Amino acid sequence: LNMQAPVLRNDPELQLGTIENPVVRLIQPDVVWNLTSDSATVTADKEHVQLSGQVNVRRDEPATGAWVILDTREVLVEVTPKTASTDQAVSMYDGYNQLEAIGLDLDMQTDTFKLKQQVKATYEVN
């Protein structure tokens, strides 16, 4: 994972970094993940990133042009396994279909996700 931000502050007592407007990227052979938020905290070991505020996750397939956007209010990113999760309301849209749920588990490594509760889907008819 690669993280960029205009401002990073470190609190050595709390062993937390705070970040304003972070952009987290994971580039894989067929998929690019971009995660943005209003703010984030990062643990001292850089293994856990808590994205907060307006959180957007975008998955792009450059070869096909396919994309998916996910919006929520909070996401915990586990760096080494390349997973993300939230217990907040989640909305997903791919240009055609709309999914809404409470809670999400996302594995960016295997490109799979699980919507946890109160799942509602609207699919476009082909």
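Preceding block: the structure.
Structural notes, computed from the coordinates.

On to the nonpolar core, then. W33, L35, L51, V77 and M108 are the most contacted members of the largest nonpolar core, which totals 25 residues. Of all elements in the fold, only β4 (23–27), β5 (32–36), β6 (39–43), β7 (48–60), β8 (67–78), β9 (83–93) and β10 (98–107) reach the threshold of two or more residues within this core. With residues near it in sequence (within four places) discarded, W33 still touches V24, R25, L26, Q28, V57, R58, R59, L106, M108 and D111.

With 5 bridges joining them, β5 and β7 adopt antiparallel strand pairing. Along β7, the bridge assignment pairs T36 with N56. Relative to β7, β6 runs antiparallel, the two sharing 4 bridges. Counterpart to S39 in the pairing with β7 is S52. A loop of 4 residues connects β6 with β7, the two strands running antiparallel in sequence, and K46 in this loop sits at a positive phi of about 60 degrees. As paired elements, β7 and β8 share 11 bridges and run antiparallel to each other. Considered in β8, the bridge of V55 is made with T72. Here β7 folds back onto β8 in antiparallel fashion, the turn holding 6 residues, of which G65 has a positive phi close to 85 degrees.

The rules behind these values
- Residues numbered from 1 in each chain as written.
- Predicted model: local features only at pLDDT ≥ 70, side-chain atom pairs only at ≥ 80, totals over all residues.
- Heavy atoms only, no water.
- Core = buried A, V, L, I, M, F, W, Y, C linked by side-chain atoms within 4.5 Å.
- Buried < 20%, exposed > 50% of the residue type's maximum accessible area, 1.4 Å probe, protein only.
- Helix = DSSP H or I, 4+ residues; strand = E, 2+ residues; numbered from the N terminus.
- Contact = heavy atoms within 4.5 Å.
- Pairing = 2+ DSSP bridges.

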